[in-house]
Amino acid sequence: MTLQRSLDNLRRIEDWLLAILVLLLVVLAGGQIVLRDFFHTGISWADPLMRQLVLWTGMLGALAAVRDEKHIALDVLQRFLSPLAQKIARMLTFGFAAAICAALAWYCYVMLSVDYASATPSSAFASLPAWIPETILPAGFGLMALRFALRAFAPPAHTPPLMHSVERPS
Amino acid sequence: MIWLIVGALVVLAALGAPLFAIIAAVALFGFHAAGEPGAAVAIEFYRLADMPALIAIPLFTLAGYLLAESQAPRRLVRLTNALFGWLPGGLAIVSVCACTLFTAFTGATGVTLIALGAVLYPALRQAHYDERFSLGLLTCAGSLGLLLVPSMPLILYGVVAQQFHTTPPVSIDALFKAGLLPCLLMVVMLSVYSAWKARDLPRPPPSSAREVWAALKDAAWELPLPFVILIGIYTGKLAASEAAAATALYVLIVTVLVRREIKFGELPRVIREAMLLVGAILIVLGFSLALTNWLIDGDVPEKLFSALQAGISGKFAFLLLLNVFLLVFGMLLEGFPAIIILVPLILPVATHYGIDPVHLGIIFLANLQIGIFLPPVGMNIFIASARFNQPATRIVRASLPFYAILLAAVLIITYWPGLSLWLAR
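Everything in this summary refers to the structure shown in the same document. (Residues numbered from 1 in each chain as written. Chains lettered and ligands numbered in written order. Predicted model: local features only at pLDDT ≥ 70, side-chain atom pairs only at ≥ 80, totals over all residues. Heavy atoms only, no water.)

1. Looking at the overall build of chain B
Quick note on the threshold: Helix numbering and strand numbering both begin at the N terminus, where a helix is a DSSP run of H or I of at least 4 residues and a strand a DSSP run of E of at least 2. The globule rule used for comparison is 2.2 Å times the number of residues to the exponent 0.38, while the radius of gyration itself is calculated over C-alpha atoms. Between buried and exposed lies partly exposed: a residue is buried under 20% and exposed over 50% of the maximum accessible area for its type, with that area taken using a 1.4 Å probe on protein chains only. Contacts between residues were defined by any pair of non-hydrogen atoms, one from each residue, lying within 4.5 Å. Per-residue accessibility takes into account occlusion by the displayed protein chains alone, with areas from the Shrake-Rupley method and a 1.4 Å probe. His is not counted, nor are the chain ends; Lys and Arg add positive charge and Asp and Glu add negative charge. By convention, charge coordinates are those of NZ in Lys, CZ in Arg, CG in Asp, or CD in Glu.
For chain B, the count of helices and strands is 21 helices and zero strands. For 425 residues, the compact-globule estimate of 2.2 N^0.38 gives 22 Å, and chain B sits close to it at 22 Å. Summarising its shape, the C-alpha atoms of chain B cover approximately 70 × 45 × 45 Å along the three principal directions. Out of the 425 residues belonging to chain B, those deemed buried represent 61%. Of all intrachain contacts in chain B linking residues separated by at least 6 positions in sequence, the fraction that spans at least 24 positions is 80%. A total accessible area of about 15,900 Å² is found for chain B, and carbon and sulfur atoms account for 69% of it. Side-chain charges in chain B split into 24 positive and 20 negative, and the spacing between the mean points of these groups amounts to 12 Å.

If you want it as structure tokens, here you go:
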């Protein structure tokens, strides 16, 4: 299936992008300390770049969390539902999450387009327009909406733990 | 109409909708009702990229996950065992100390339970500790360490609390200092109980000097870490974010390049695991920041305070109520989100009652620590149940004495502010 293949590719790109950005964050943050303590200097753009990296890696992490269904949620009630009710609950809750993410993607796009139109410089780097680091927001929420919508109809990524533990004979 | 929306959101939350989506929905509706455009929520969320304190969170979490994935847990157990194994209850004390250090690094109590439980449970059983004690001890010890530097929940509390510009201010360094003695109190209380429980067990002879030296050498690369971080932060030489940066870079180099226990090709997977947790937390945090401003604009904490004051006059009654409330929410929300959601509501009220915001942070985490493995739905019960292959009810029964000990510790921490504030102020 070509859809499956393009989804797989998207995953791989996402995982590597996340790894590269996190490694960049580690090297920058560690490098700043080495530079400061041993050479009494520093990179002026490193701090704002690191703050942006926190947002980018956080958004990519949140996107990955949709795939693994690791978003923080109350799963108390879910454990006691019948399989059919669980299926319906998944469609409702993930459908809701998809709708909210789509709305957020739109509002983030509105914010970005305002900054684009007014050519606001980013607080991070004087020469870089503000809208460039902001692209992760509409892109991230947009992809999350898509992924939530797909997951609403997919089987669960993991079963709620109570089912395992209580029904197992001791 | 508004109650319809509230009702729908409550049902969705109960059915397991992601928490961030619920909070984002509340923020969107709230801003809309206040006549603000939806893009204002986006702008508030974007403030995540404007908080220097947050840089510490991915860095410490990554370091913790890398260590968990390497052989460091095994070396840590070997070393503490060589040093303390001969004490009465030695191995139990070793377990408590190792789990505490480990959770402090990962900030994820479940990871500790899984990573260290695999090593410690068979060891405890082999040393003739009874099954029930071993299960309870490890389930409880997994959640220790949330109060110890460089714990991520403490950083989160600091980040959220700083939004309120309290006097005295809540610096993350102050929180790190405040957590040390309360954490030590819990470790000591559990160690004393362990020593008493194990008084009749055969004791292994003290390790030979050669074994101590070998264990020291074995752990030589990891050994400097806790000392550098603890001393760096407690003497004020390193800020939290700098300690995080140094730790992450050092751990990355040691595990991947020096020890080579994590292959380069495995890095994306480990990084992804760590960032899953960070992403899931930051996204909740981002929308809570939006919600917090909305709550403050609506004077909600003030109203809550005047409503509470009618029934609860004193600081002590308030603290007691707070304890119960936090235990329940800690159980329902697994710690992190409880901090993010409850601090904006409780902190302003607590300062009215004259509670130091740093002390409040320690009370918060001490309660959440118990909530995490409190029945019926504390997450760690189920993690322990899966890890040790035991029914959840058995884990709960095994944990009973440990609830009692930690509850006593929480009460001491709550009603003796000096314990938390002595080092911090």
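Back to the text.
2. A look at the overall build of chain A
Scanning chain A from terminus to terminus reveals six helices and zero strands. Scanning chain A from its N terminus toward the C terminus, one meets helices and strands in the order α-α-α-α-α-α. Per-residue burial for chain A yields a buried fraction of 44% across its 170 residues. Restricting to contacts in chain A with at least 6 residues of sequence separation, those with at least 24 account for 73%. Carbon and sulfur atoms make up 70% of the accessible area of chain A, which totals about 8,800 Å².

3. Some remarks on the interface of chain B and chain A
We apply this condition: Note: buried area is the sum, over both parts, of the accessible area (probe 1.4 Å) each one loses when the two are combined. The rule for a salt bridge is simple: a side-chain nitrogen of Lys or Arg has to be within 4 Å of a carboxyl oxygen of Asp or Glu.
Taken together, the contact between chain B and chain A spans 63 residues of the former and 63 residues of the latter. Carbon and sulfur atoms supply 79% of the area buried between chain B and chain A, which totals about 5,500 Å² over both sides. By the criterion of area lost to chain A, the three top residues of chain B are Leu-15, Tyr-46 and Arg-272 of chain B, representing 13% of everything that side buries. If you look at where chain B meets chain A, you find four salt bridges. A salt bridge links Arg-272 of chain B to Asp-15 of chain A; the shortest N-O distance between them is 3.1 Å.

4. Describing the side chain of Ser-288 of chain B
Residue and element names in this part refer to chain B. Relative to the helices and strands, Ser-288 resides in helix 14 (residues 267–297). The class of Ser-288 is buried, set by a relative accessible area of 6%. Setting aside its immediate chain neighbours within four residues, Ser-288 contacts Ile-23 and Ile-340.

5. Topic: a nonpolar patch on the surface
The condition is simple: To count toward a patch, a residue needs a relative accessible area above 30% and no salt bridge. Like charges then connect within 9 Å, nonpolar side chains (Val, Leu, Ile, Met, Phe, Trp, Tyr) within 5 Å.
Where nonpolar side chains cluster on the molecular surface, the patch consists of Ile-2, Trp-3, Val-6 and Val-10 of chain B and spans about 460 Å² of accessible area. Tracing the backbone shows Val-10 of chain B in helix 1 (residues 2–14).

6. Notes on a negative patch on the surface
Residues and elements named next belong to chain B. Among the surface-exposed residues, Glu-36, Asp-297, Asp-299 and Glu-302 lie close enough to one another that they form a single negatively charged patch. Within the fold, Asp-297 resides in helix 14. The exposure class assigned to Asp-297 is exposed, which follows from its relative accessible area of 66%.

7. Considerations on the nonpolar core
This is how the line gets drawn: By nonpolar core is meant a set of buried Ala, Val, Leu, Ile, Met, Phe, Trp, Tyr and Cys residues that side-chain atoms within 4.5 Å join together.
Membership of the largest hydrophobic core comes to 206 residues, with the highest contact counts inside it found for Leu-137, Phe-141 and Met-144 of chain A together with Tyr-157, Phe-287 and Phe-364 of chain B. Among the elements that line this core, the one with the most residues is helix 14 of chain B, at 17 residues. Residues Leu-79, Ala-82, Ala-215 and Ala-219 of chain B belong to the second largest nonpolar core, which totals five residues.

8. Quick notes on the pattern of salt bridges
Applying the stated criterion across every chain, the model contains 19 salt bridges over all chains. Put simply, Asp-15 of chain A and Arg-67 of chain A hold a salt bridge, and the shortest N to O gap is 3.3 Å. With Asp-15 of chain A in helix 1 (residues 2–39) and Arg-67 of chain A in helix 2 (residues 46–68), this residue pair connects regions lying 52 residues apart in the sequence. An identical accessibility class is assigned to Asp-15 of chain A and Arg-67 of chain A; each is buried. Via salt bridges that share partners, Glu-14, Asp-15, Arg-67, Asp-68 and Arg-147 of chain A together with Arg-272 of chain B belong to a single interconnected network.

9. Description of the state of the cysteines
Residues and elements named next belong to chain A. Stated precisely, the cut-off is as follows: Count a disulfide wherever a pair of cysteine sulfur atoms falls within 2.5 Å.
This model, assessed by the stated rule, comprises zero disulfides over all chains. The closest cysteine sulfur to the non-disulfide-bonded Cys-101 is located on Cys-108, 10.0 Å from its own sulfur. When its relative accessible area of 2% is taken as the criterion, Cys-108 is described as buried.

10. A few points about the side chain of Glu-14 of chain A
Residues and elements named next belong to chain A. Keep this limit in mind: Contacts described as polar in this section are N or O atom pairs within 3.5 Å, which, within protein, must combine one atom able to donate a hydrogen with one able to accept it, while residues neighboring in sequence count only if both atoms come from side chains.
With respect to the helices, strands and loops of the structure, Glu-14 is situated in helix 1. What makes Glu-14 buried here is its relative accessible area of 6%. At a separation of 3.2 Å, a polar atom in the side chain of Glu-14 contacts the side chain of Arg-67. A distance of 2.9 Å separates a polar atom in the side chain of Glu-14 from a polar atom in the side chain of Arg-147. Among residues more than four places away in sequence, those in contact with Glu-14 are Leu-60, Leu-63, Ala-64, Arg-67 and Arg-147.

11. Side note on helix 12 (residues 224–234) of chain B
Residue pairs three or four apart in sequence face the same way in an α-helix, which turns once every 3.6 residues. All names here are of chain B. Inclusion rule: When we speak of the arc, we mean the arc of directions from the helix axis to the C-beta atoms.
For helix 12, the complete set of buried residues consists of Leu-225, Pro-226, Ile-229, Gly-232 and Ile-233. End-on view of helix 12: buried residues confined to an arc of 150 degrees, all on one side of the axis. Of the surrounding elements, those touching the buried residues of helix 12 are helix 4 (56–69), helix 6 (90–106), helix 10 (172–197) and helix 13 (240–258). Positive backbone phi, at 85 degrees, marks Gly-236, one or two positions downstream of helix 12.

12. Re unusual backbone geometry
All names here are of chain B. Residue Val-149 is joined to Pro-150 through a cis peptide bond whose omega torsion reads 0 degrees. Following the sequence through the fold, Pro-150 ends up in the loop between helix 8 (131–141) and helix 9 (152–161). Phi angles above zero are rare outside glycine, and His-165 is one such case at about 45 degrees. Following the sequence through the fold, His-165 ends up in the loop between helix 9 and helix 10. For His-165, a relative accessible area of 71% translates into the label exposed.

Just geometry here; none of it tells us what the structure is for.
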